Amino acid sequence: MSHKILLLPGDGIGPDIVAEAHKVLNALADSHGFAFDAETALIGGAATDAHGDPLPESTTRLAKDADAILFGAIGGPKWEQIERDLRPERGLLRIRSELELFANLRPALLFPELADASSLKPELVAGLDILILRELTGGIYFGSPREKLADRAYNTMPYSVAEVERIARRGFELARVRGKRLCSVDKANVLEVSELWRETVTALAGDYPDVELSHMYVDNAAMQLVRAPKQFDVLVTGNLFGDILSDIAAMLTGSIGMLPSASLNAQGRGLYEPVHGSAPDIAGKGIANPLATILSAAMMLRYSLGEGALADVVEQAVRQVLADGLRTADIAGGGQAVSTTEMGDAVANKVRAAAN
Ligand code: IPM
Ligand code: MG
C-alpha cells in the first residue's frame, strides 16, 4: 500500500527544511521499501500571495485526502500588516480546526550530544524526556466573542467538558506508555474555565489507576520547567498555555531547531511540523536546521502511517549524524558546521546505510 503524504512547505525556511525531510523519505523508499506518493500544496503567506487565501480550498481538499501531512513553517514580515484573516497564521489555525487536529504532541527530548547547547546546567537536563500535550482546536485561539475596537479589545477562552475529556484521555493514554505521570496545567485559582478543566481531568483519573495525576498552575509550571524539568513526564494543558510552555520546554533541549511535533485528530490522522517558526531572516541561506522537520517525519511514520520501525531508522540516523559531530549553525559549538542540505544528505545516507 502506498501512503499519501501531503507536503506543505509554507514560508520562510519552510521550503528549505521540508525538502530535506522529503529527501529522507525518498531514502526510505530506495532502501527500505517505503511506498509513498507526495503532493505539494500552498499554505500561509505563499498561498495568500498566489490565491488571496492562506488556506485555499484546493489545499484543504488535498489535506483531507492525505494519510498524513508534513508541514514546514508559515509567516514573515511581509504579511504582518495585512488584514488578520489573510495572515499566514490563519491558514495554520484553520487547517488545525478543519481537520480537528485537537491533540498536539510536543516532545522535548535532550540528545546527549547536545547537552552543552541547553541554557540550563547539564545536570538539570541530562536524560530529559518530557512530552507537552497541548489542546489545539479550542480555548482562546478560537473562542468567541472576539473583537478589536478602537479603545478596547477582547478574546474569550471557552472549554467544554467534552473538549477537556478528549485531550485529557489522550494525556492519560500517553502517560500510560511512558513514565505513568500526568501533570495537568491550568490557572484554576483565577479562571472559571480552568476550574472546569481541573474538575473534568480529575473526574477521569479513576479510569487510569496506573497513572499518577497531579495539577499545577501555569505560572508555577513555567518556573518548574526551568528549575527542575525532569520532575515531569507528560504535561497536558490548553491551547494558549501549551503554546507558551512548549517554547520554554524547547529551549531546555538546546535548540528549538531540533523539536518535532504531531497534531492528531480522533482517528490518529495528523499534521506533523517542527515546533520552530519560519525564520524569514535565514530563509534560503542554507543554514536552517532540518532536523526538527526530519524528526517530525519520523513521528508521522510512527503515529499516522503505522511504520514504527522506519521511524526508528530515521531517529537512529539523526542520532548518528549528531554523534558524528555534524551541526547546523543553531547547534554549532565544537561540531562540524554543515549546511541545511548537507545535514539532510547525511541523514539520508545513514538511512540508506541502515538497510545493509
Ligand atoms: C505554534 C505557533 C502558532 C501557534 C502560530 C504560528 C499561530 O506559535 O505552533 O506554536 O500559536 O499555535
Ligand atoms: Mg508557538
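Quick note: structure is the one above.
Residues numbered from 1 in each chain as written. Chains lettered and ligands numbered in written order. Predicted model: local features only at pLDDT ≥ 70, side-chain atom pairs only at ≥ 80, totals over all residues. Heavy atoms only, no water.

### Quick look at the site of ligand 1
For step 1, the next point in the chain: Close contacts around ligand 1 come from E89, R96, R106, R134, Y141 and D243, and that covers them all.
For step 2, the next point in the chain: In this structure, R134 approaches ligand 1 through a side-chain N or O atom, which is 2.9 Å from an oxygen atom.
For step 3, the next point in the chain: Y141 places a polar side-chain atom, nitrogen or oxygen, 2.5 Å from an oxygen atom of ligand 1.
For step 4, the next point in the chain: Relative to its unbound accessible surface of 320 Å², ligand 1 loses 75% to contact with the protein.
For step 5, the next point in the chain: Looking at side-chain class alone, the shell around ligand 1 contains one nonpolar, no polar and five charged residues. (Near = heavy atom within 4 Å. Polar contact = N/O pair within 3.5 Å; in protein donor to acceptor, adjacent residues only side chain to side chain. Areas by Shrake-Rupley, 256 points an atom, 1.4 Å probe, with all protein chains shown as cover. Nonpolar A, V, L, I, M, F, W, Y, C, P; charged D, E, K, R; others polar.)

### Points about the sheet that holds strand β9 (residues 212-217)
For step 1, the next point in the chain: As summarised here, the arrangement of the ten strands in space is β2-β1-β3-β12-β11-β4-β5-β10-β8-β9, forming an open sheet in which the pairing is mixed. Looking at the sheet topology across the chains shown, the edges are occupied by β2 (36-40) and β9. For this sheet, the mean inter-axis angle between neighbouring strands, taken without regard to orientation, is 20°.
For step 2, the next point in the chain: Lying on the sheet, helix α6 (residues 161-176) is in contact with β4 (103-109), β5 (129-135), β8 (181-186), β9, β10 (234-237) and β11 (260-264); it crosses β5 at an angle near 165°. (Pairing = 2+ DSSP bridges. Helix = DSSP H or I, 4+ residues; strand = E, 2+ residues; numbered from the N terminus. Axes fitted to C-alpha atoms, helices over the stretch in contact; angles between N-to-C directions. Contact = heavy atoms within 4.5 Å.)

### Points about helix α1 (residues 14-32)
For step 1, the next point in the chain: The terminal C-alpha atoms of α1, which comprises 19 residues, lie 26 Å apart, in line with the 27 Å expected from a rise of 1.5 Å per residue.
For step 2, the next point in the chain: For α1, the complete set of buried residues consists of G14, D16, I17, V18, E20, A21, V24, L25, A27 and L28.
For step 3, the next point in the chain: Directly after α1, the chain includes G33, whose backbone phi takes a positive value near 70°. (Expected span 1.5 Å × (residues − 1). Buried < 20%, exposed > 50% of the residue type's maximum accessible area, 1.4 Å probe, protein only.)

### A few points about the pattern of salt bridges
For step 1, the next point in the chain: A full pass over the atoms with the stated rule returns 20 salt bridges.
For step 2, the next point in the chain: One salt-bridge network, in which partners are shared between bridges, spans E20, K23 and D345. (Salt bridge = Lys/Arg side-chain N within 4 Å of Asp/Glu carboxyl O.)

### Here we look at the pairing of β10
Walk down a regular strand and you will see the side chains alternate between the two sheet faces.
For step 1, the next point in the chain: Of the two faces of β10, both are covered, the one formed by V234 and V236 as well as the one formed by L235 and T237.
For step 2, the next point in the chain: Across four bridges, the pairing between β5 and β10 is parallel. Paired with L131 across the bridge in β10 is V234.
For step 3, the next point in the chain: As judged from the four bridges shared by β8 and β10, these two strands associate in the parallel manner. Residue V185 lies in a different strand from β10, and its bridge partner there is T237.

### Looking at the nonpolar core
For step 1, the next point in the chain: One finds L28, F34, L105, V347 and V351 to be the most contacted residues of the largest nonpolar core, which totals 64 residues.
For step 2, the next point in the chain: Two domains each provide a minimum of three residues to this core, namely domain 1 (1-107 + 256-356) and domain 2 (129-252).
For step 3, the next point in the chain: Once you skip the residues sitting within four places of it in the chain, V347 turns out to touch V24, L291, I294, A317, V318 and V321.
For step 4, the next point in the chain: Counting residues in each nonpolar core, the second largest holds 20 residues, with L110, C183, F232 and L235 among its members. (Core = buried A, V, L, I, M, F, W, Y, C linked by side-chain atoms within 4.5 Å. Domains from an automatic or database assignment.)

### Examining the pairing of strand β12 (residues 270-274)
For step 1, the next point in the chain: The element β12 is largely enclosed, with a buried count of five among its five residues.
For step 2, the next point in the chain: Every second residue of β12 is oriented toward a common face, with G270, Y272 and P274 on one face and L271 and E273 on the other, all of them buried.
For step 3, the next point in the chain: Note: strand β3 (residues 68-73) against β12, three bridges, orientation parallel. Counted as the bridge partner of I69 is L271 from β12.
For step 4, the next point in the chain: In terms of strand pairing, β11 meets β12 through five bridges, oriented antiparallel. Bridge pairing links A262 to Y272 in β12.
For step 5, the next point in the chain: Between β11 and β12, which pair antiparallel in sequence order, lie five residues; one of them, G268, sits at a positive phi of approximately 85°.

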